[in-house]
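Results of the structural survey
What follows is the residue order along each chain.
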Amino acid sequence: MENDVQQAPPRRRYDTTRRKAAAAQNRHAIAAAARQIFLERGYTATTVAAIAEAAGVAHETIYATFGSKAALFRHLVEIALSGAEEPIPALERDIVRQVQAEADPEKILDLFAHTVRLLQERLAPLFEVLSNAAWNEPELKAFADELGTRRVGHMRVFVSDLASKGGLRDGLSVEMAADIVWVMNSAEFYLLCARDRGWTPAYFERWLADTWKRLLLPGRPQMH
């Protein structure tokens, strides 16, 4: 006897590829629009609605994707630090691994000066927005303080590695050398040179590498 009950068609396997691609596209569009508007208007005058309009998404999408305006700004800073579309912890970045793999102290400083130049071209304009907003935004003040603490720790790691490869002159402690590098690789220092004094990024990079070599490495003429 034939079975007259019709079999239900098999369920189509839910394909998330398109949805994930659309979400990633929205995420990148929001980040690009937010960066431009934050830099043009500053943090306080920038609204989520303005970012949403520029990105072509609903403002609810921004909250669902990033959370608050402060969280979105933090994301922009983190990807500027990482040099990627998503944040990467400092010690996991390719350039850090290249520096750690290099044995020649001079080449290490060349690599690091190049890294700082590229990083600050991305980061310094955002950092200025952060610094201005931190006066009135406790969440951003806490973030700025966190960034400073993180950078101090990273410079200790960098200089300790440099010292282990014979890259510190006699009488210069790891702590002092780390402070020297910390000051000179800051966004504030880059802005003073590139924005206020008109140095080109390429000149800043060459000057930074040469100055670090003179200040840190053994057997180099000292700056007076």
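Residues numbered from 1 in each chain as written. Predicted model: local features only at pLDDT ≥ 70, side-chain atom pairs only at ≥ 80, totals over all residues. Heavy atoms only, no water.

**Focus: the packing of aromatic side chains**
The tally for this structure, following the rule as stated, stands at ten aromatic pairs. Measuring from ring centre to ring centre gives 5.7 Å for Y43 and F73, while their planes differ by 85°; the resulting arrangement is edge-to-face. Residue Y43 is located in the loop between α1 (17-41) and α2 (48-55), and its partner F73 is located in helix α4 (residues 69-82); the two are separated by 30 residues in the primary sequence. For F73, a relative accessible area of 0% corresponds to the buried category. The interplanar angle of 20° and the centroid separation of 5.4 Å between the aromatic rings of F112 and W212 together place this pair among those described as stacked. One end of the pair, F112, is in helix α6 (residues 105-134); the other, W212, is in helix α10 (residues 201-216), with 100 residues separating them in the sequence. Owing to a relative accessible area of 12%, F112 belongs among the buried residues under this scheme. Of the residues examined, W212 reaches a relative accessible area of 0% and is grouped as buried. Site record: aromatic cluster; members linked through ring pairs are F189, Y190, W199, Y203, F204 and W207. Here K69 stacks its cationic end above the ring of Y43, 4.2 Å away from the centre of that ring. (Phe/Tyr/Trp six-rings, centres within 6.5 Å; stacked < 30°, edge-to-face > 60°. Helix = DSSP H or I, 4+ residues; strand = E, 2+ residues; numbered from the N terminus. Buried < 20%, exposed > 50% of the residue type's maximum accessible area, 1.4 Å probe, protein only. Lys NZ or Arg CZ within 6 Å of the ring centre and 35° of its normal.)

**Structural notes on the layout of surface pockets**
Size it by volume and the largest pocket reaches roughly 980 Å³. Taken together, 41 residues line the largest pocket, and the ones lying closest to its centre are L81, R93, L119, R151 and H154. Of all the secondary structure elements, the ones that give two or more residues to the lining of the largest pocket are α4, α5 (94-101), α6, α7 (138-164) and α9 (187-196). Per element, the largest residue contribution to the lining of the largest pocket is twelve residues, and it comes from α7. Within the lining of the largest pocket, the residues separate by chemical class into 22 nonpolar, ten polar and nine charged. Lining the second largest pocket we find 15 residues, and of these A31, L76, I79, A84 and E85 sit closest to its centre. Of all the elements in the fold, those that place two or more residues in the lining of the second largest pocket are α1, α4 and α6. (1 Å grid on protein atoms, 1.4 Å probe; cavity = no way out; pocket = protein on both sides within 12 Å on 5 of 7 lines; lining within 4 Å. Points joined across faces, edges and corners; volume = space filled by probe spheres on them. Nonpolar A, V, L, I, M, F, W, Y, C, P; charged D, E, K, R; others polar.)

**Things to note about the nonpolar core**
Inside soluble globular proteins, nonpolar side chains tend to come together where they are buried. If you look at the biggest cluster of nonpolar residues, it comprises 64 residues, and the most contacted ones within it are I51, F73, W212 and L216. At 13 residues, α6 tops the list of elements feeding residues into this core. Leaving out residues up to four positions away in the same chain, L216 has contacts with L109, L162, G167, L168, R169, L172, A177, I180 and V181. (Core = buried A, V, L, I, M, F, W, Y, C linked by side-chain atoms within 4.5 Å. Contact = heavy atoms within 4.5 Å.)

**Regarding the side chain of T115**
As for its placement among the helices and strands, T115 is situated in helix α6. For T115, a relative accessible area of 16% corresponds to the buried category.

**Remarks on α1**
For α1, with 25 residues, the first-to-last C-alpha span of 36 Å sits near the 36 Å given by 1.5 Å per residue. For α1, the set of buried residues is I30, A31, A33, A34, I37 and F38. Those residues of α1 that are buried lie in contact with α2, α3 (59-66), α4 and α6. Following α1 by one or two positions, G42 adopts a phi angle in the positive range, close to 85°. (Expected span 1.5 Å × (residues − 1).)

**Focus: the side chain of R93**
Residue position: R93 is located in the loop between α4 and α5. Although R93 is buried, it forms no salt bridge, and the closest oppositely charged side chain is E78 at an N-O distance of 5.0 Å. When sequence neighbours within four positions are dropped, the list of residues in contact with R93 reads L81, S82 and I88. (Lys, Arg positive; Asp, Glu negative; His and termini not counted. Salt bridge = Lys/Arg side-chain N within 4 Å of Asp/Glu carboxyl O.)

**Some remarks on the environment of L140**
By secondary structure assignment, the location of L140 is in helix α7. Overall, L140 belongs to the buried group, its relative accessible area being 2%. Once the C-alpha coordinates of L140 and A70 are considered, the two residues, 70 residues apart in sequence, prove to be 6.9 Å apart.

Function cannot be read off these values alone, since they describe shape.
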